[in-house]
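# Commentary on secondary and tertiary structure
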Amino acid sequence: MCGIVGYIGNRDAKPVLMEGLKKLEYRGYDSAGVAILSTDTINIVKSKGRLGVLEEKLCNVDIEGTMGIGHTRWATHGEPSDLNSHPHVSKNGKIAIVHNGIIENYIQIKDFLSEKGYCFSSETDTEVIAHLIEYNYEGNLVKAVLKTLNELEGAYALGVLSVDNPDMFVAAKKDSPLIVGLGENENFIASDIPAILPYTREVLILEDKEVACISGGKVEIYNLLGERQRREIFHVDWDVCASEKNGFEHFMIKEIFEEPSAVKATISPRIRGREIVLDNFTITDEMIKNCEKIHIIACGTAYHAGVVGKYAIEKLARIPAEAEVASEFRYRDPIVNEKHLTIVISQSGETIDTLMAMREAKRKGSRTLAIVNVVGSSIAREADDVLYTWAGPEIAVASTKAYNTQLSALYLAALSFARRKGLLDEKEYNSYINQLQQMPEMISSILGEREKIQKFASEHFNAKSIFYIGRGLDFALSMEGSLKLKEISYIHSEAYAGGELKHGTIALIEEGTLVVCSLTQEQLFEKMIGNIREVKARGAVVLAVAHEKNTEKVAKIADSVISIPDTDSILAPIAAITPMQLFAYYVAVIKGNDVDKPRNLAKSVTVE
Ligand code: M6R
């Protein structure tokens, strides 16, 4: 949600900011802007629309300066417009800020400042911060920012520069991500690492309620009391190419093709001999044996992975588990205690709903285990234990490889818990381990079917509504298949439990309605065949996803079948999602949609 960059050093700030914003555009793309300090003026150029619009505007103005801040926006307060775009400036024009997050008490501050004679030109919550810093400014920018932050309620990542301080700028964060990149006589801030990777791999991760004073030569970090804080340097060791398209048309298809290697990277290092070794887990066998309940909390795709996790943990480890969307969990006063384990799942590790829900579970005494992709992210830092999904950077807004790797991590945890509770015999356990190890190959073989899926997509891209049905784990899988389609194709879609459709929603099935049916759950196979017959009888066109061994049988009633390699039902979702992702992708491409940056969405949702 919104991307922030900042630069100070000897280079021309404009291209550094623009290149950085390009890397952050996935975070929000309804408007963008930069503020660059030239001698005693702050030059602001901002515009509604994608970064390309800002880039064109910048071509027509002559701005030079070696310090600046930039922003790409996902609107929360006020429609996307030139006026609501960041940076925002203070009344005297001497202070400019960029902001990611939501200031909850901005109306009170606005009223207060209005009484003091401040006028507001935007509808944003952000503008109050710029004016309040000016109001609090008594010659020291860091102190003015500290005073201001102590008066703000809500979430922020901020970049602040001022005409009176040409040799430094200030950054701050609370509940929204912000990192500082350390260069040679130059320093950077950014909402995410790829924005600074062309210049440096040395990073300081700001903690909540910290303020950094950044000059070309040094970075000083303070807490909100103004006390200096020490911070270890974090070295980024992943490949820059990982955040490039590398010849693929879109990040989304590139990331789908990375699924075999991502799943391998998540599973392989954790299976040593035949044993599952879960990093430096502090959860003891005793805790697992005494664990009374597991809460799985996440949002969007990560939540759908959590629903699979619930089935897997209950089936394998026999621990009662509930999966819940984080925004609901947090506000319903959930029953959680010290005998519970809370698993939070997040690709970015910064999703505010998930972070807050995790804090709520911790507050109530639960241990927390985070399944996270981004190393050093807020959720990873605050959880008791972390299981990283080594998927590499995921740039496309629609999550793909993150899902398969989240499932892989959940299966590893479920199998490890089951083993530690003595619930699986050697044969069963070894069979699961072998199949997990074969998952990368299985996904690769599904990728080989892409042309068939592409053809099917070309026949159905005009659909008005598409249903996804399945039973058990196939229902969980259907939820994710349906979300993928919705978010990038803009086709209405619903996921239904196969057995539930007839209780109402079947009324929507008519001649030609496309129904995507998953049949990977052996014990529910015949039931699903029955459900397919029900929709076929009402004119539906059926695309089925089924194990190879069942393809012939399913082909007799479905209009088209995508075969996936045979595997144990419980592990099937890891590979079975891939054809659904490909289907959504090709439908969106054929429709001419902006696949990597779908409308109204942003990659990292750091507002509630
Ligand atoms: O970074 P997270 O995994 O916490 O993000 C959670 C959701 O916002 C995310 O999965 C979202 O639903 C994606 N757009 C789905 O493709």
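This is a predicted model, so every value here is computed, not measured. (Residues numbered from 1 in each chain as written. Predicted model: local features only at pLDDT ≥ 70, side-chain atom pairs only at ≥ 80, totals over all residues. Heavy atoms only, no water.)

### Describing the overall build of the protein chain
Regarding its fold elements, the protein chain presents 19 helices and 27 strands. Radius of gyration (C-alpha) of the protein chain: 25 Å, near the 25 Å computed for a compact globule of 608 residues. Taken along the three principal axes of its C-alpha coordinates, the protein chain extends 75 × 55 × 45 Å. Out of the 608 residues in the protein chain, the part that is buried amounts to 62%. In the protein chain, the share of contacts with a sequence separation of at least 24, taken over all contacts with a separation of at least 6, comes to 73%. For the protein chain, the accessible surface area stands at approximately 22,800 Å², while carbon and sulfur atoms represent 48% of it. Positive and negative side-chain charges in the protein chain, numbering 68 and 84 respectively, have mean positions lying 3 Å apart. (Helix = DSSP H or I, 4+ residues; strand = E, 2+ residues; numbered from the N terminus. Rg over C-alpha atoms; globule rule 2.2 N^0.38 Å. Buried < 20%, exposed > 50% of the residue type's maximum accessible area, 1.4 Å probe, protein only. Contact = heavy atoms within 4.5 Å. Areas by Shrake-Rupley, 256 points an atom, 1.4 Å probe, with all protein chains shown as cover. Lys, Arg positive; Asp, Glu negative; His and termini not counted. Charge placed at Lys NZ, Arg CZ, Asp CG, Glu CD.)

### Section: the environment of Met-442
Mapped onto the secondary structure, Met-442 falls in helix H14 (residues 426–447). Considered as a pair, Met-442 and Glu-138 are 304 residues apart in the sequence and their alpha carbons are 64 Å apart. Setting aside anything within four residues of it in sequence, one finds Met-442 in contact with Pro-565, Asp-566, Thr-567 and Ala-575.

### Brief notes about the domain arrangement of the protein chain
Domain annotation for the protein chain reports domain 1 (3–237), domain 2 (244–447) and domain 3 (448–595). Taking only C-alpha atoms into account, the centre of domain 1 sits 34 Å from that of domain 2. Each partner contributes to the interface: domain 1 provides 11 residues, whereas domain 2 provides 13 residues. Summing the contributions of domain 1 and of domain 2, the shared interface buries around 940 Å²; its carbon and sulfur component is 56%. In terms of surface lost to domain 2, no three residues of domain 1 exceed Tyr-26, Asp-175 and Ile-205, which account for 43% of the buried area on that side. Between domain 1 and domain 2 we count 4 salt bridges in total. Linking Lys-23 and Glu-244 is a salt bridge whose minimum nitrogen-to-oxygen distance equals 3.6 Å. Taken together, domain 1 and domain 2 are joined by 3 residue pairs in polar contact (both at pLDDT 80 or more). Grouping the constituent residues of the side of domain 1 that touches domain 2 by class yields 6 nonpolar, no polar and 5 charged. (Domains from an automatic or database assignment. Buried area = accessible area lost by both parts, 1.4 Å probe. Salt bridge = Lys/Arg side-chain N within 4 Å of Asp/Glu carboxyl O. Polar contact = N/O pair within 3.5 Å; in protein donor to acceptor, adjacent residues only side chain to side chain. Nonpolar A, V, L, I, M, F, W, Y, C, P; charged D, E, K, R; others polar.)

### Section: the site of the ligand
Around the ligand, the structure places 14 residues, and the nearest of them are Ser-346, Gln-347, Ser-348, Thr-351 and Glu-487. At 2.4 Å, a side-chain N or O of Thr-351 approaches an oxygen atom of the ligand. Between Glu-487 and the ligand, the recorded distance is 2.3 Å, taken from a side-chain N or O atom to an oxygen atom. Starting from 410 Å² of accessible surface for the ligand in isolation, the protein chains cover 91%. According to the grid-proximity analysis, the pocket containing the ligand is the second largest pocket. Contributing elements (two or more residues each) for the shell around the ligand: helix H9 (300–317) and helix H16 (473–489). (Near = heavy atom within 4 Å. 1 Å grid on protein atoms, 1.4 Å probe; cavity = no way out; pocket = protein on both sides within 12 Å on 5 of 7 lines; lining within 4 Å. Sits in = over half its atoms within 2 Å of the grid points.)

### Examining the layout of surface pockets
For the largest pocket, the calculated volume is near 660 Å³. In this structure, the largest pocket is lined by 40 residues; those nearest its centre are Ile-193, Trp-238, Asn-373, Val-374 and Val-375. Of all the elements in the fold, those that place two or more residues in the lining of the largest pocket are strand S15 (234–235) and helix H12 (378–382). Looking at the lining of the largest pocket residue by residue, the classes come out as 18 nonpolar, 11 polar and 11 charged. Looking at which domains feed residues into the lining of the largest pocket, each of domain 1 (3–237) and domain 2 (244–447) gives three or more. Taken as a whole, the second largest pocket spans an internal volume of roughly 530 Å³. (Points joined across faces, edges and corners; volume = space filled by probe spheres on them.)

### Some thoughts on the packing of helix H7 (residues 259–267) against helix H13 (residues 401–420)
At their nearest, the axes of H7 and H13 sit 9 Å apart, and the two run at 25 degrees to each other. Taken together, the axis directions place H7 and H13 in an arrangement best described as roughly parallel. Considering the relative orientation of H7 and H13, their crossing is right-handed. Of the residues in H13, those touching H7 at Glu-259, Ala-262, Val-263, Thr-266 and Ile-267 are Lys-401, Asn-404, Thr-405, Ser-408, Ala-409 and Leu-412. Per-class residue counts for the contact of H7 with H13 are 5 nonpolar, 4 polar and 2 charged. (Axes fitted to C-alpha atoms, helices over the stretch in contact; angles between N-to-C directions. Parallel < 35°, antiparallel > 145°, perpendicular 65-115°, else oblique. Left-handed = near helix turned anticlockwise from the far one by under 90°.)

### Some remarks on empty space enclosed by the protein
One pass over the full model with this rule turns up 2 cavities of 30 Å³ or more. When its volume is computed, the largest cavity comes out at roughly 70 Å³. If you trace the largest cavity, you find it lined by Cys-2, Arg-73, Trp-74, Ala-75, Thr-76, His-77, His-86, His-99, Gly-101, Asp-125 and Thr-126. In this structure, the second largest cavity occupies an estimated 40 Å³ of space. If you trace the second largest cavity, you find it lined by Val-5, Gly-6, Tyr-7, Val-16, Leu-17, Phe-188, Ile-189, Ala-190, Ala-195 and Ile-196. At the level of secondary structure, the elements contributing two or more residues to the lining of the second largest cavity comprise strand S1 (3–8), helix H1 (13–24) and strand S10 (187–190). Considered class by class, the residues forming the lining of the second largest cavity number 9 nonpolar, 1 polar and no charged.

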